Amino acid sequence: MRVVDSLEQALSNLWKKKLRTFLTTFGVVIGIGALVSMISFGQGVQYNVTDRFQKLDLFNYITVFPAGKQSPFSGERAGSSAESPRSVLDDDSLKEITALEGVESAFPEVRFPARIQFREKTRFSLVQVMPAAVAATELVKLRAGASFADDYSLSLIISDSLLTEMGITDPDSVIGEEITLLTLMLDLSRLNLSDMSSLFQNGKLPFSEQSHRFTIAGVAERMGFGGPTPLRSDVYIPSGTAADIPTISLTSIWDFFRSSGSADEYSMVNVKVDSPRAVDRVKAFAEEKGFQSFALIDQLEEIRTGFVFMDMFLAAVGMIALVVASLGIVNTMVMAILERTREIGIMKAVGAGDGDIRKIFLFEAGLIGLAGGVFGLCLGWIVTTAINWIINGILARQGIPFVDYFYFPRWLNMGSIVFSILVSLIAGLYPMQRAARVDPVVALRHD
Amino acid sequence: MFSSPLIETNDLGKVYSTGRIQVKALDGINLSVPKGAFLGIAGPSGSGKSTLMNLLGGLDTPTSGSIQVAGRMVSSLNHKELALYRRFQVGMIFQSFNIIPAYTAKENVALPLLFSGVPKRERLRRAEAVLSLVGLEERKDHRPSELSGGEQQRVAVARALINSPDILLADEPTGNLDSRTSQGILNLLQEMNRTQNLTVLLISHEGYLLKKYADDIIYLHDGRVRESEAVE
Ligand SMILES: Nc1ncnc2c1ncn2[C@@H]1O[C@H](COP(=O)(O)OP(=O)(O)OP(=O)(O)O)[C@@H](O)[C@H]1O
Ligand SMILES: [Mg+2]
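Quick caveat, the model's predicted, so the values are computed rather than measured.

Undergrad: Even after reading the chapter, I still don't get the overall build of chain B, so can you show me in this structure?
TA: Regarding its fold elements, chain B presents seven helices and ten strands. The C-alpha atoms of chain B give a radius of gyration of 17 Å, which matches the 17 Å a tight globule of 232 residues would have. In terms of principal-axis extent, the alpha carbons of chain B reach across some 50 × 45 × 40 Å. The buried share of chain B, reckoned over its 232 residues, is 53%. When contacts within chain B are restricted to residue pairs at least 6 apart in sequence, long-range pairs at least 24 apart make up 70% of them. Approximately 10,600 Å² of chain B is accessible, and the part contributed by carbon and sulfur atoms is 47%. Distance between charge centroids for chain B: 7 Å, based on 26 positive and 25 negative side chains.

And the structure:
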């Protein structure tokens, strides 16, 4: 029997029972739709995390911080090397790190709170110091304007979400405008040590406010996934300019208690290297000096394993509907065999081999699988697009930029159709075998 | 001139076992049918006529004895070989026509060619040719529900003949037809028998039809051949 003939037979048999074929196929459509939606979500998360990290060069970043400090990433206390002499992560260390082969730049993580005054509005925010070289990388996604000209320019980059908070929706309109940062500094002249209570009574804190004028050079997109990126603020200023701003650099109460007391010690230094191989060099240096280090690339394997488990879980959930659908195929085809017993008997009597009968039923199952796969994939696209819109619509109100939470790699598109056909064929195996075993003598015995 | 018979059975037996009950449907049948014969098979209901037909047609396998057709041991063919035997060496027609209701006459006749991989156009062309041989060229695109019983049986005959088999097995082909239509069908079989040297085995309850058309008649009773008489 030729393939075209098997195909035609199968098609016409399915066509004869349109409603039943439709319902059975619809089951597969839902099954595949659920499966691809689940998997595309897993892929979307994966894509947003690893692939984007890769694109942003995040695997070329390594963070060095003093020993004994809580790791800012793991939450657990990084194993401090108690026996090694405690060295201080200061400007000298910074220079040493910068001198290492493969290190492009190293900049301390300096953030300080400030009041941002712009167009008669004031917002409280964290200001982060960033070298112009880093600010010019892809890490900072500009929505308008440009990065700072150099490390000493009096310009800054502001995030779009802070602007949105201030009720400004057009980022282009603010470029070149003046903006004021009001920072606090410890003013010892105000501190009356003999009368601490005055501090609280007259509300006079021992701080004075300093104002600094900047122009807005660029508007950056706020990172949806801030986690391990060195971007953790809404305002960025160049490092040279920052050096002129005296501040209290405590960004959290945690730092206050943990700080070793040395004013020059950085709580964290971000290092950008030119290749993942240089990461090891920086790590070795950190270990030798008794610092802790964290590199995202070390977590890559762990992240990947995590994704495999997540994918497996998502696929398992998605598979439930497909298993139910394949039971539907078995049911439909067994019914079809019962109805077509006589027809099968006739075919065998005129010379059809068992293989010919098998082929017809297998093609029917395969066609259901093909249609189910194609339309299931479409359903998956439609559903995930809709969900993506809804989620982004909700998150946009909180200033989180648009992110594709679902991702359909090519293998998923191709694979879902192939998988659908495969599952349907497997579901068709038992009915097919049963059809091939129809005894023509019994089938043709007249009623 | 010596010529070996086309069909030869040797102590052919068939026992149906359903649970503990065993039914001896055929019990030691020895047949020898020369090529070109028109053999009638008679016998009461349940005597094993259809069972014999199914064994000769390769639809079923014997439980004892053997069948040889054209020198080939049909009784020891495997499933695949039996399918080919049914496709090319025998054609069968039945009391209940057994044509597929959803197919047109032409499609029904072309069905056996489907399994030998003949392209569709060729299949339908050949089916039309055979349909005109049985006098149904006008009704080739009609479905069985639009055809009379006699016409449906003609479709079945055409289908049985499309692969030019050596043997035509007819199991009460006229059981559902009136006498005039019955004779029309049997005339057709007779014509094929005479013009194409087709070997015909005909089962019928109607003694007069057997006497009119068959060269030779065997009588089955309880699975055994009772007697054989020549028709002059
Ligand atoms: N599949 C089967 N299982 C059990 N017994 C069977 C089976 N097929 C036929 N028989 C029995 O075998 C015997 C012969 O049956 P068969 O159909 O050959 O008779 P027949 O001569 O064709 O009768 P009829 O003239 O009524 O068609 C009967 O007793 C029947 O009950
Ligand atoms: Mg019978």
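On we go from here.
Undergrad: In this structure, what is going on with the overall build of chain A? I would like to understand it.
TA: When its secondary structure is counted, chain A shows 14 helices and eleven strands. Within chain A, the proportion of its 447 residues that are buried is 47%. Expressed as a percentage of contacts within chain A between residues at least 6 apart in sequence, the contacts between residues at least 24 apart total 81%.

Undergrad: Just to check I follow, could you spell out the site of ligand 1 for this structure?
TA: As a structural note, the neighbourhood of ligand 1 is formed by 15 residues, with S45, G46, K49, S50 and T51 of chain B the closest of them. Proximal residues around ligand 1 fall on chains A and B, making this an inter-chain site. One nitrogen or oxygen atom from the side chain of S50 of chain B is found 2.7 Å from an oxygen atom belonging to ligand 1. Between an oxygen atom of ligand 1 and a side-chain N or O atom of T51 of chain B, the distance comes to 2.6 Å. Here ligand 1 loses 69% of its free accessible area of 630 Å² to cover by the protein chains. Breaking the shell around ligand 1 down by element, the ones donating at least two residues are β1 (7-18), β2 (21-33) and α1 (49-56) of chain B. Residue composition of the shell around ligand 1, grouped by class: four nonpolar, eight polar and three charged.

Undergrad: Help me out: how do you make sense of the packing of aromatic side chains in this one?
TA: Each aromatic ring pair is summarised here by two numbers: the centre-to-centre distance and the angle between the ring planes. Residue and element names in this part refer to chain A. If you walk through the whole model with that rule in mind, you get four aromatic pairs over all chains. Judged by centre distance (5.7 Å) and plane angle (20°), the ring pair of F22 and F26 falls under stacked. Of this pair, F22 and F26 both sit in helix α2 (residues 18-55), four residues apart, which is roughly one turn of the helix. A relative accessible area of 40% means that F26 is categorised as partly exposed. Consider the rings of W381 and F408, whose centres lie 6.3 Å apart with planes at 75°: the pair is edge-to-face.

Undergrad: Help me understand the nonpolar core, please; the structure alone is not making it clear to me.
TA: Across soluble globular proteins, nonpolar side chains have a tendency to be buried as a group. Within the largest apolar cluster, 71 residues are counted, with the highest numbers of intra-cluster contacts made by L52, L111, I167 and L201 of chain B. Per-element accounting of this core gives the leading share, seven residues, to helix α12 (residues 354-396) of chain A. With residues near it in sequence (within four places) discarded, I167 of chain B still touches L6, I7, V69, Y85, Q89, V90, G91, L198, T199 and L201 of chain B. Ranked by size, the runner-up nonpolar core spans 39 residues in total, among them A42, V109, L113 and I217 of chain B.

Undergrad: In this structure, what is going on with the interface of chain B and chain A? I would like to understand it.
TA: How large an interface is tends to be reported as the accessible area lost when its parts come together. Contacts between chain B and chain A engage 25 residues on the former and 23 residues on the latter. In this assembly, chain B packs against chain A so that about 2,100 Å² is buried in total across both faces, 57% of it on carbon and sulfur atoms. There are three salt bridges connecting chain B and chain A. Ionic pairing is found between D5 of chain A and R123 of chain B, a salt bridge with its closest N-O pair at 2.8 Å. Secondary structure elements with two or more residues in the side of chain B that touches chain A: α2 (79-88), α3 (105-114) and α4 (120-133) of chain B. When residues of the side of chain B that touches chain A are assigned to their parent elements, the largest contribution, four residues, is made by α2 of chain B.

Undergrad: Before we go on, may I ask you to explain the sheet that holds strand β11 (residues 291-295) of chain A in this structure?
TA: Residue and element names in this part refer to chain A. Strand order across the open sheet formed by four strands is β2-β10-β1-β11, with antiparallel pairing between neighbours. Both edges of this open sheet fall to β2 (103-108) and β11, since each of them pairs with a single strand only. On average, each strand axis in the sheet is inclined to that of its neighbour by 20°, with strand direction left out of account. Relative to strand β10 (residues 269-273), β2 runs antiparallel, the two being bridged by five bridges. Counted as the bridge partner of S105 is K272 from β10. Each of β1 (61-66), β2, β10 and β11 touches helix α3 (residues 91-99); the most contacted strand, β2, lies at about 160° to it.

Undergrad: What exactly am I supposed to notice about the pairing of strand β3 (residues 111-118) of chain A here?
TA: A regular strand places its side chains so that they alternate between the two faces of the sheet. Residue and element names in this part refer to chain A. In this structure, β3 lies alongside strand β4 (residues 121-130), joined through eight bridges in antiparallel fashion. When the sheet's bridge partners are listed, F112 is paired in β4 with V127. In this antiparallel pair of consecutive strands, β3 and β4, the connection spans two residues, and R119 shows a positive phi of 50°.

Undergrad: For this particular structure, what's the right way to read a nonpolar patch on the surface?
TA: All names here are of chain A. The grouping of L19, F22, L23, F26, I30, L379, V383 and I387 at the surface amounts to a nonpolar patch, some 710 Å² of accessible area in total. When contributions to the nonpolar patch are tallied by element, the ones reaching two or more residues are α2 and α12. For the nonpolar patch, the element with the highest residue contribution is α2, accounting for five residues. Inspection of the secondary structure puts L379 in helix α12.

Undergrad: I'm lost on the packing of α12 of chain A against helix α13 (residues 410-436) of chain A in this one. Help?
TA: Geometry of a packed helix pair, given as the angle between the helix axes and the separation of the axes. Residue and element names in this part refer to chain A. It is at 7 Å that the axes of α12 and α13 come closest, and there the two elements cross at 150°. Taken together, the axes of α12 and α13 are roughly antiparallel relative to one another. Along this stretch, α12 crosses α13, giving a crossing that reads as right-handed.

Undergrad: Before we go on, may I ask you to explain the sheet that holds strand β5 (residues 72-73) of chain B in this structure?
TA: As a general point, the strands of a sheet are linked pairwise by backbone hydrogen bonds and lie either parallel or antiparallel. Residue and element names in this part refer to chain B. The strand order across the open sheet built from four strands is β2-β1-β4-β5, with neighbouring strands paired in antiparallel fashion. Sheet topology places β2 and β5 at the edges, where each strand pairs with a single neighbour. Taken together, the two bridges between strand β4 (residues 64-69) and β5 define a ladder with antiparallel strand orientation. Counted as the bridge partner of V69 is R72 from β5. Across the face of the sheet, α1 comes into contact with β1, β2 and β4 while running at roughly 115° to β1.

Undergrad: Teacher, can you tell me more about the side chain of D171 of chain B here?
TA: Residue and element names in this part refer to chain B. Within the secondary structure, D171 sits in strand β7 (residues 167-171). Among buried Asp, Glu, Lys and Arg side chains, D171 stands out as unpaired, with K49 the closest opposite charge at 7.0 Å. A distance of 2.7 Å separates polar atoms of two side chains, one belonging to D171 and the other to S50. Residue contacts for D171: discarding those within four places in its chain leaves S50, M53, I93, F94, Q95 and I203.

Parameters and conventions
Residues numbered from 1 in each chain as written. Chains lettered and ligands numbered in written order. Predicted model: local features only at pLDDT ≥ 70, side-chain atom pairs only at ≥ 80, totals over all residues. Heavy atoms only, no water. Helix = DSSP H or I, 4+ residues; strand = E, 2+ residues; numbered from the N terminus. Rg over C-alpha atoms; globule rule 2.2 N^0.38 Å. Buried < 20%, exposed > 50% of the residue type's maximum accessible area, 1.4 Å probe, protein only. Contact = heavy atoms within 4.5 Å. Areas by Shrake-Rupley, 256 points an atom, 1.4 Å probe, with all protein chains shown as cover. Lys, Arg positive; Asp, Glu negative; His and termini not counted. Charge placed at Lys NZ, Arg CZ, Asp CG, Glu CD. Near = heavy atom within 4 Å. Polar contact = N/O pair within 3.5 Å; in protein donor to acceptor, adjacent residues only side chain to side chain. Nonpolar A, V, L, I, M, F, W, Y, C, P; charged D, E, K, R; others polar. Phe/Tyr/Trp six-rings, centres within 6.5 Å; stacked < 30°, edge-to-face > 60°. Core = buried A, V, L, I, M, F, W, Y, C linked by side-chain atoms within 4.5 Å. Buried area = accessible area lost by both parts, 1.4 Å probe. Salt bridge = Lys/Arg side-chain N within 4 Å of Asp/Glu carboxyl O. Pairing = 2+ DSSP bridges. Axes fitted to C-alpha atoms, helices over the stretch in contact; angles between N-to-C directions. Patch = residues over 30% accessible without salt bridge, like charges linked within 9 Å, V, L, I, M, F, W, Y side chains within 5 Å. Parallel < 35°, antiparallel > 145°, perpendicular 65-115°, else oblique. Left-handed = near helix turned anticlockwise from the far one by under 90°.

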